There are 2 protein chains.
Amino acid sequence: MDKFWSDVTRQLTPYVPGEQPRIDGLVKLNTNENPYPPSPRAIEAIRAAADGALRRYPDPDATDLKAAVGRFHGVPVDQVFVGNSSDEVLAHTFVGLLKHDRPLFFPDITYSFYPVYCGLYGIDYRTIPLADDFAIRVEDYGQDAGAIIFPNPNAPTGLALGLDAIRTLLAAHPDQVVVVDEAYVDFGGETAIPLVAEFPNLLVVQTLSKSRSLAGLRVGYAIGQAHLIAGLERVKSSFNSYPLDRLAIAGASAAMDDKAYFDQTCQAIITTRDQLTKDLQTLGFEVVPSAANFVFAKHPAHAGADLLAALREHKVIVRHFKHPRIDKYLRITVGTDEECGALIAALKQIL
Amino acid sequence: MDKFWSDVTRQLTPYVPGEQPRIDGLVKLNTNENPYPPSPRAIEAIRAAADGALRRYPDPDATDLKAAVGRFHGVPVDQVFVGNSSDEVLAHTFVGLLKHDRPLFFPDITYSFYPVYCGLYGIDYRTIPLADDFAIRVEDYGQDAGAIIFPNPNAPTGLALGLDAIRTLLAAHPDQVVVVDEAYVDFGGETAIPLVAEFPNLLVVQTLSKSRSLAGLRVGYAIGQAHLIAGLERVKSSFNSYPLDRLAIAGASAAMDDKAYFDQTCQAIITTRDQLTKDLQTLGFEVVPSAANFVFAKHPAHAGADLLAALREHKVIVRHFKHPRIDKYLRITVGTDEECGALIAALKQIL
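About the cut-offs
- Along each chain, residues carry numbers from 1 onward, in the same order as the chain's sequence is written.
- As they are written, the chains are lettered A onward and the ligands numbered 1 onward, keeping that order.
- Totals for whole chains, interfaces and linings use every residue, but because this is a predicted model, local features are given only for residues with pLDDT of at least 70 and side-chain atom pairs only at 80 or more, for both listing and counting.
- Side-chain calculation: all heavy atoms of the structure are included, whereas hydrogens and water are not.
- UniProt positions are given in the numbering used here, feature names are shortened, and annotations may be inferred rather than shown by experiment.
- Note on terminology: disulfide denotes any pair of cysteine sulfur atoms within 2.5 Å.
- Only heavy atoms matter for contacts: two residues are in contact if any of them lie within 4.5 Å across the pair.
- Accessible surface is computed with a 1.4 Å probe, and the buried area is the amount of it that two parts give up when combined, taken over both parts together.
- Whenever a carboxyl oxygen of Asp or Glu lies within 4 Å of a side-chain nitrogen of Lys or Arg, that contact is scored as a salt bridge.
- Any pair of N or O atoms that falls within 3.5 Å is considered a polar contact. Within protein, one atom must be able to donate a hydrogen and the other to accept it, and sequence-neighbouring residues count only if both atoms are side-chain atoms.
- For helices the rule is a DSSP run of H or I covering at least 4 residues; for strands it is a run of E covering at least 2, with both sets numbered from the N terminus onward.
- As used throughout, domain bounds are those supplied by an automatic or database domain assignment.
- Note on residue categories: nonpolar means Ala, Val, Leu, Ile, Met, Phe, Trp, Tyr, Cys or Pro, charged means Asp, Glu, Lys or Arg, and polar means any other residue, Gly included.

- As recorded in an unreviewed UniProt entry, chain A goes by the name Histidinol-phosphate aminotransferase, listed as coming from Pigmentiphaga litoralis.
- Turning to chain A, the UniProt record has this under Catalytic activity (unreviewed entry): "L-histidinol phosphate + 2-oxoglutarate = 3-(imidazol-4-yl)-2-oxopropyl phosphate + L-glutamate".
- As recorded by UniProt, the Sequence similarities (unreviewed entry) comment attached to chain A reads in full: "Belongs to the class-II pyridoxal-phosphate-dependent aminotransferase family. Histidinol-phosphate aminotransferase subfamily."

Below is the structure:
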């Protein structure tokens, strides 16, 4: 009965998201969620916004949220674009700024959505291999690119690229858009937002799903000079399908304004990550230096897929990727100290 | 600086949504919002869901909401697709089910997003003129269509098509998808959902923005046989950008379950609409028979644009469209009795 499907639908390879099992008692370290609840101010703002005003359409410009993002990052609102999750922001970015005659360049090991978006929007792309230590070598991004995108820290490696290297890349590609996807930057990376004023080709994408504990609310944003933001607004407003809802605008704005809570929870995760790294190394794991809220680790004597299955027996869920360059690795979300302790205890029994 | 934009971005004509002015004291009858607040059970469910669990991603399948929609309409969950507003559901539908070698057919006077989606997704389309009285004549939808879509009641006319005509159309196009966009059906139209079991080519789209007073939450759905829903899920999951957030799932599910409140508020709007129609006719307006929460009316002696401007002076906002066939008309949302009374009072002064 798929005779009714369009050709593009037939040709799609659906993305398989990380498991969201509905089972109690699991230690869930597979989807890089924050182990701490959102800011109490965000919860309060959402409850206050849950009233009769929901009968009204939301502000299509999400003005309050853009202002809150601008306050936090010290940029004017015309340099801020907001969307339903950074995935949606990325989707608009692919259509609006990354689809050109020449191919889009991104690392061979990277966020798995990039090639999916290219397929969906008919964008030609080329993957640039990471170095053996998983580093992004900016000198490998030559002059043939129509545009460039990479996560920083990279996913699923957790490895961060320094601002000097990003500055070099931006200066070498003045006519190409360079998107730095900073979903994980708040856990030890350096944001490129301070470079926005200097580089008209730079777009930085962030999310409230990780460092602001709001994966359940679906809010992300991009920061870049006004002409890039105008291109994104043009794509968004040309179909206007997905304005942020009233509760998302209220909750996300309050979360952005609660810097003290943000700093405290990010620091807690960094502290736990450093301990987790040491504990994994003690068990013989090689751990990629992480600036994210996850670690990427392999054990010389155990295959990633085997460890994944064994951990599941112990009710601990982590993530494994089948790409040949990384199929020995596990990606482990940094949970609370207790959750990471449970992971280490399970691994001790398994190994 | 638009050198960074993609060609598609340069060529887009951005949609201009109805005004959402932030001015107190306006009588806002321009965007077809419900004048009554959402079900108290929906508010309560949202407040309960605003807790620490927001740190977790939502259920990507929105299982609870699909079940609630299924309960209300008496269909199994594999015949239900949900999205962030019916606009998003429509976007997925255009990509997944309406993009074919032959053109998509829809009325010349209809929801203004349809041609926009076609432009965005590269879908060839043909518009079929409505009859002089704005009726959709199903016999005009010949055999050259790749697929067919129309709103029922139609927008912005408010005129409803009967189920017999829809059945005729479905039977005449067994190999084409026919989408009935029922955003306004709960105010007096007949839903085509009972025909889903019989017609494998039928997809019905509805929204919680109008009859469930949840425009601010952004939730819509589609109902069709499982193979059509599978096509939509394939498009959605291939990029998985926009799962419904946790608050939307909770609030929308509770709203679907509160049938008594739904019936009561829909009936109140129908009663007000009938009075508004009579009052407009008394003032000399011709009013298209409406099965929606708005009326479409013109005055023989006053241009639509002039009345729009004059009403604005009286702090009453309605909608006007520049399409040559309908530029004499105003689209007036049915508000409360008080709001419609204020509109009539203003018109009496103007005329």
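1. Description of the state of the cysteines
Cysteine pairs can be covalently joined through their sulfur atoms, and such a bond is termed a disulfide.
Piece 1. This structure, assessed with the given rule, holds 0 disulfides over all chains.
Piece 2. Cysteine A:Cys266 is unpaired, with the sulfur of A:Cys340 as its nearest cysteine sulfur at 15 Å.

2. As for the interface of chain A and chain B
Piece 1. Of the residues lining the interface, 83 residues belong to chain A; the matching set on chain B comes to 84 residues.
Piece 2. Buried area between chain A and chain B, summed over both chains or domains, comes out near 7,000 Å², and the portion from carbon and sulfur atoms is 59%.
Piece 3. By the criterion of area lost to chain B, the three top residues of chain A are A:Phe4, A:Arg55 and A:Tyr57, representing 12% of everything that side buries.
Piece 4. Applying the counting rule to chain A against chain B returns 4 salt bridges.
Piece 5. The shortest N-O distance in the salt bridge between A:Glu33 and B:Arg56 comes to 2.9 Å.
Piece 6. Taken together, chain A and chain B are joined by 37 residue pairs in polar contact (both at pLDDT 80 or more).
Piece 7. Contributions of two or more residues to the side of chain A that touches chain B are made by helix H1 (7-11), helix H2 (40-49), helix H4 (85-97), helix H5 (113-121), helix H7 (226-239) and helix H8 (246-257) of chain A.

3. Here we look at the domain arrangement of chain A
Residues and elements named next belong to chain A.
Piece 1. Split by domain assignment, chain A resolves into domain 1 (20-38 + 260-350) and domain 2 (40-257).
Piece 2. Listed as interface residues are 28 residues of domain 1 and, on the opposing side, 29 residues of domain 2.
Piece 3. For the domain 1 and domain 2 pair, buried surface summed over both sides reaches about 2,300 Å², with 65% attributable to carbon and sulfur atoms.
Piece 4. Contact with domain 2 buries surface across domain 1, with Pro38, Phe262 and Arg325 losing the most and accounting together for 32% of the total.
Piece 5. At the junction of domain 1 with domain 2, the criterion picks out 1 salt bridge.
Piece 6. Of the charged contacts in the structure, one is a salt bridge between aspartate 108 and arginine 325, with a shortest N-O distance of 2.8 Å.
Piece 7. Our enumeration of links across domain 1 and domain 2 arrives at 9 residue pairs in polar contact (both at pLDDT 80 or more).
Piece 8. At 7 residues, helix H9 (residues 259-282) tops the list of elements feeding residues into the side of domain 1 that touches domain 2.
Piece 9. Residues belonging to the side of domain 1 that touches domain 2 are distributed by class as follows: 17 nonpolar, 7 polar and 4 charged.

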